[in-house]
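Here's the letter readout for the chains.
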Amino acid sequence: MSEIDIELSIKLQQQLFVDPRRIHLLRAIEKCGSISQAAKQVGISYKTAWDNLNAMDLLSPKPLLQRSSGGKEGGGTTLTAYAKRVLRLYELLEQTQLRAFAILQDENIPLTSLLSATAKFSLQSSARNQLIGTVAAVRTQGLISEVRINIDGLPQPLTAEITQASAVRLQLQAQQELLLMFKAPWVTLHKQPQGLNSFKGKISALQQQQGNHEAVIQVTPQIECCASYHNNEQYQIGEEIYLSIAPEKIILLAL
């Protein structure tokens, strides 16, 4: 893919607050501590720099610049803590736009799910198994909340157990989209169904190393799960197998 150049502008009160040129100016001030030197670095006149800074200050909820005069260094201009947060936010928004464009280029990623797209390009986790689902029901008893989650392709909802405090923090409600994560060692393999959180698949790959065995199971054309198993267990590629995952081993994430 060729180099992408996305220019981001932010408006406040329907007027331009920051754009790439103003961000370059703020970054230059942060670096050299002088409006005049910053103007030279970005290739604009002092008046143009001052006009842009004044326009931003008039729109900003908090001051962007802090000026000092005299002293051993002869004074200068520095960015306030708020201005530095503006710069960091702008950097995050630039990264988000680049990731969004990358999502557009990958036709395997549906554009119907913000959580799915975010998980694909933003989240990095050691948990090999990641599923997208929607809340079917939440039942709280004491300090534990039982969350039933519908997963496209699975005949029955998966059940996760989290603390009541976690359920409140996630603001769980019906039809809310969730990302489910669980590590391969937390998945167990069986010859027969085991009831809760048990579903069938077909072994598509086996990786066997000393002390480390792992099976890749194709559950549906869209769902693939990884499970660890012991040396004394024997499996074959193409074999149908049942997987199960304990409710307390499922980690839930929400936007």
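Residues numbered from 1 in each chain as written. Predicted model: local features only at pLDDT ≥ 70, side-chain atom pairs only at ≥ 80, totals over all residues. Heavy atoms only, no water.

Going by what an unreviewed UniProt entry lists, the chain is known as Molybdate transport system regulatory protein and is assigned to Pasteurella testudinis DSM 23072. A UniProt comment under Sequence similarities (unreviewed entry) is attached to the chain, and it reads "Belongs to the ModE family." (UniProt positions renumbered as here; feature names shortened; annotations may be inferred.)

(A) Spatial organisation of helix H1 (residues 20-32). For H1, built from 13 residues, the straight-helix expectation of 18 Å at 1.5 Å per residue is met to within 8% by its first-to-last C-alpha distance of 18 Å. Here H1 has its buried residues at Arg 22, Ile 23, Leu 25, Leu 26, Ala 28 and Ile 29. Just beyond H1, the residue with positive phi is Gly 33, at close to 70°. (Helix = DSSP H or I, 4+ residues; strand = E, 2+ residues; numbered from the N terminus. Expected span 1.5 Å × (residues − 1). Buried < 20%, exposed > 50% of the residue type's maximum accessible area, 1.4 Å probe, protein only.)

(B) Representation of the packing of aromatic side chains. By the definition in use, this model includes one aromatic pair. Each ring, one from Tyr 229 and one from Tyr 235, has its centre 5.1 Å from the other, and the planes form 85°; the classification is edge-to-face. For Tyr 229, a relative accessible area of 6% translates into the label buried. On the accessibility criterion, Tyr 235 (10% relative accessible area) is buried. (Phe/Tyr/Trp six-rings, centres within 6.5 Å; stacked < 30°, edge-to-face > 60°.)

(C) Here's a closer look at the pairing of strand S5 (residues 129-141). Sheet topology note: the S5/strand S8 (residues 177-182) ladder contains six bridges and is antiparallel. Residue pairing for S8: Gly 133 is matched across the bridge by Leu 178. Alignment of S5 against strand S6 (residues 144-150), held across seven bridges, turns out to be antiparallel. Residue pairing for S6: Thr 134 is matched across the bridge by Asn 150. Hairpin connection of S5 to S6: two residues between the antiparallel strands, including Gly 142 at a positive phi of 65°. (Pairing = 2+ DSSP bridges.)

(D) Quick look at the sheet that holds S8. Taking strand neighbours across the sheet as the criterion, the five strands line up as S7-S6-S5-S8-S14 in an open arrangement whose pairing is antiparallel. Two strands bound the open sheet, and with one partner strand each, they are strand S7 (158-163) and strand S14 (251-253). Between one strand and the next, the sheet's axes are offset by a mean angle of 45°, whatever the strand orientation. (Axes fitted to C-alpha atoms, helices over the stretch in contact; angles between N-to-C directions.)

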